[in-house]
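Here are the chains, one letter per residue:
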Amino acid sequence: MNNKEIKEFFTAIMQQDSEVSAGIAAICTLLKFLEHDKSETIQELVSKLKTAVEVMRRTDCSVTAVASGSELFLRFITLATLDFSTFSDCKKIMLDRGEIFLKKLQEARGKVGKLASSFIVDGSRVLTHSKSRVVLKAFKEAATANKRFEVFVTKSSPDSSGEEMAKNVRDLGIRCTVILDSAVGYVMEQVDMVMVGAEGVVESGGIINKVGSYTMALCAREMKKPFYVLTESFKFSRLFPLNQRDLPDEFKYRSSTLDKDLRDEHPMVDYTPPAYISLLFTDIGILTPSAVSDELIKLYL
């Protein structure tokens, strides 16, 4: 697969299935590349895989999830090079490990949803931000358990993704109200908790997510409401930002805008420090922000 084919395959996955996250789509693309690649050495193959990751990072998608998911995937499959002497054996094991890795990731959302849904009880009022597939899964699990609760979702500028989230929530038979992003403070006193997804989880236990998440976390902290993050472990990333300026531009802006004057561009994500996060619900358990660094080390062992 050349660079054009990699980009087309990756974007086609994203367009054909709205339920597939950018990280999963990236790993599916890398598996497809691995299956058809004609490299003759491990070094050449790994180099090409890294190039394929760069191609996907230059598309208008969630670069945070692509970067973290791809890095973990490459780490997981290339461990095979330590166990086998021939390239053909290594490549076969890489493909097998890749399939196992992908299957684990595809099951992760369901695990997170079940964990988080136990925190939603009858009469709960939950505030969420933008559209999150894993938060929607938690709502679905709670609704399936016949829990009666209400959801508030921000409209989420600039793409109004909260409108789509609200439709998905209502389709589950759950009462849902769309609010303006600027009404977060007004609504916060009415809700019992905040549940948001994450595009990435950094080493400190903070998160990178749709812009506005930090504002919501600040407001929740001030009004003493729990701020819960629902995310899959493949989104854990080896980054350690201290503030908004520390986030790489490729994470904050769409690839197509990086050549423009970024002072005129609207950032797509922001960084929420760990101090404002109550708990993280993940497929490897319920974590405090301080526990993320230990789990990240385990993932890369």
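Just so you know, these numbers come straight off a predicted model, no measurement behind them.

A word on the packing of aromatic side chains
- A complete count under the given rule lists seven aromatic pairs for this structure.
- Ring geometry for Phe-139 and Phe-149: centres 5.8 Å apart, planes at 50°, overall tilted. You can see Phe-139 sitting in helix α6 (residues 133-144) and its partner Phe-149 sitting in the loop between α6 and β2 (150-154), a full ten residues away along the chain.
- Taken together, Phe-73, Phe-76 and Phe-101 form an aromatic cluster joined through their ring pairs.

Focus: the sheet that holds strand β5 (residues 200-201)
- Taken in spatial order, the three strands of this open sheet run β5-β6-β8, and their pairing is antiparallel. Strands at the two margins of the open sheet, each flanked by one partner only, are β5 and β8 (269-272).
- Its contacts with the sheet place helix α9 (residues 213-222) against β6 (207-210) and β8, and it is angled at close to 35° to β8.

A short note on helix α1 (residues 3-16)
- In a regular helix each residue adds 1.5 Å, so 14 residues correspond to 20 Å; α1 covers 20 Å between its end C-alpha atoms and thus fits that length.
- Those residues of α1 that sit buried are Ile-6, Phe-10 and Ile-13. Each buried residue of α1 lies within a common arc of 60° when the element is viewed along its axis, so the set occupies one face. Opposite the buried face of α1, by more than 90 degrees, sit the exposed residues Lys-4, Gln-15 and Gln-16.
- At its buried positions, α1 is contacted by α2 (22-36), α3 (42-57) and α4 (63-78).
- Measuring from the backbone nitrogen of Lys-4 back to the side-chain oxygen at the start of α1 gives 3.2 Å, which picks out Asn-2 as the cap.

A closer look at the nonpolar core
- Core analysis: the biggest nonpolar cluster contains 30 residues, and Phe-10, Leu-30, Leu-49, Met-56, Val-66, Phe-73 and Ile-77 have the highest contact counts within it.
- Within the residue set of this core, elements represented by two or more residues are α1, α2, α3, α4 and α5 (87-117).
- Apart from the residues lying within four places of it in its own chain, the contact partners of Leu-30 are Leu-49, Ala-52, Val-53, Met-56, Ser-70 and Phe-73.
- If you look at the next biggest cluster of nonpolar residues, it comprises 25 residues, including Ile-207, Ala-217, Cys-219 and Leu-296.

Looking at the sheet that holds strand β3 (residues 175-179)
- Reading across from one edge, β3-β2-β1-β4-β7-β9-β10 is the order of the seven strands in this open sheet, with mixed pairing throughout. Where the open sheet ends on each side, the last strands, each with one partner, are β3 and β10 (285-287). Here the strands of the sheet are splayed against their neighbours by 25° on average, with no regard to which way each runs.
- Pairing analysis gives three bridges linking strand β4 (residues 193-196) to strand β7 (residues 227-230), with the strands arranged parallel. Opposite Val-196, over in β7, you have Val-229 as the bridge partner.
- Strands β1 (125-128), β2 and β3 of the sheet are contacted by helix α7 (residues 161-171), whose axis makes an angle of about 170° with β3.

What counts and how
Counting restarts for each chain: residues are numbered from 1 in the order of the written sequence. In keeping with the predicted nature of the model, local features appear solely for residues at pLDDT of at least 70, side-chain atom pairs appear and are counted solely at 80 or more, and the whole-chain, interface and lining totals rest on all residues. Side-chain metrics rest on all non-hydrogen atoms present in the structure, leaving aside hydrogens and water. What counts as a ring pair is set by centres within 6.5 Å for rings of Phe, Tyr and Trp (its six-membered ring), and what kind of pair is set by the plane angle: stacked under 30 degrees, edge-to-face over 60, tilted for all other angles. Helix and strand assignments come from DSSP, with helices taken as H or I runs of at least 4 residues and strands as E runs of at least 2, each series counted from the N terminus. Should DSSP find at least two bridges between two strands, the strands are regarded as paired. Residues count as neighbours in contact if any of their non-hydrogen atoms are within 4.5 Å of one another. Fitting a line to C-alpha atoms yields each axis, with helices limited to the stretch in contact; the angle taken between N-to-C directions then spans 0 to 180 degrees. Expected helix span is given by 1.5 Å per residue-to-residue step, counting one fewer step than there are residues. Only protein chains enter the area calculation, which uses a 1.4 Å probe; residues under 20% of their type maximum are buried, those over 50% are exposed, and those in between are partly exposed. This arc is taken over the directions from the axis of the helix to the C-beta atoms. Side-chain atoms alone can form a polar contact between residues adjacent in sequence; in general such a contact is a pair of N or O atoms within 3.5 Å, and within protein one must be able to donate a hydrogen while the other accepts it. As used in this record, nonpolar core signifies buried Ala, Val, Leu, Ile, Met, Phe, Trp, Tyr and Cys residues forming a set joined through side-chain atoms within 4.5 Å.

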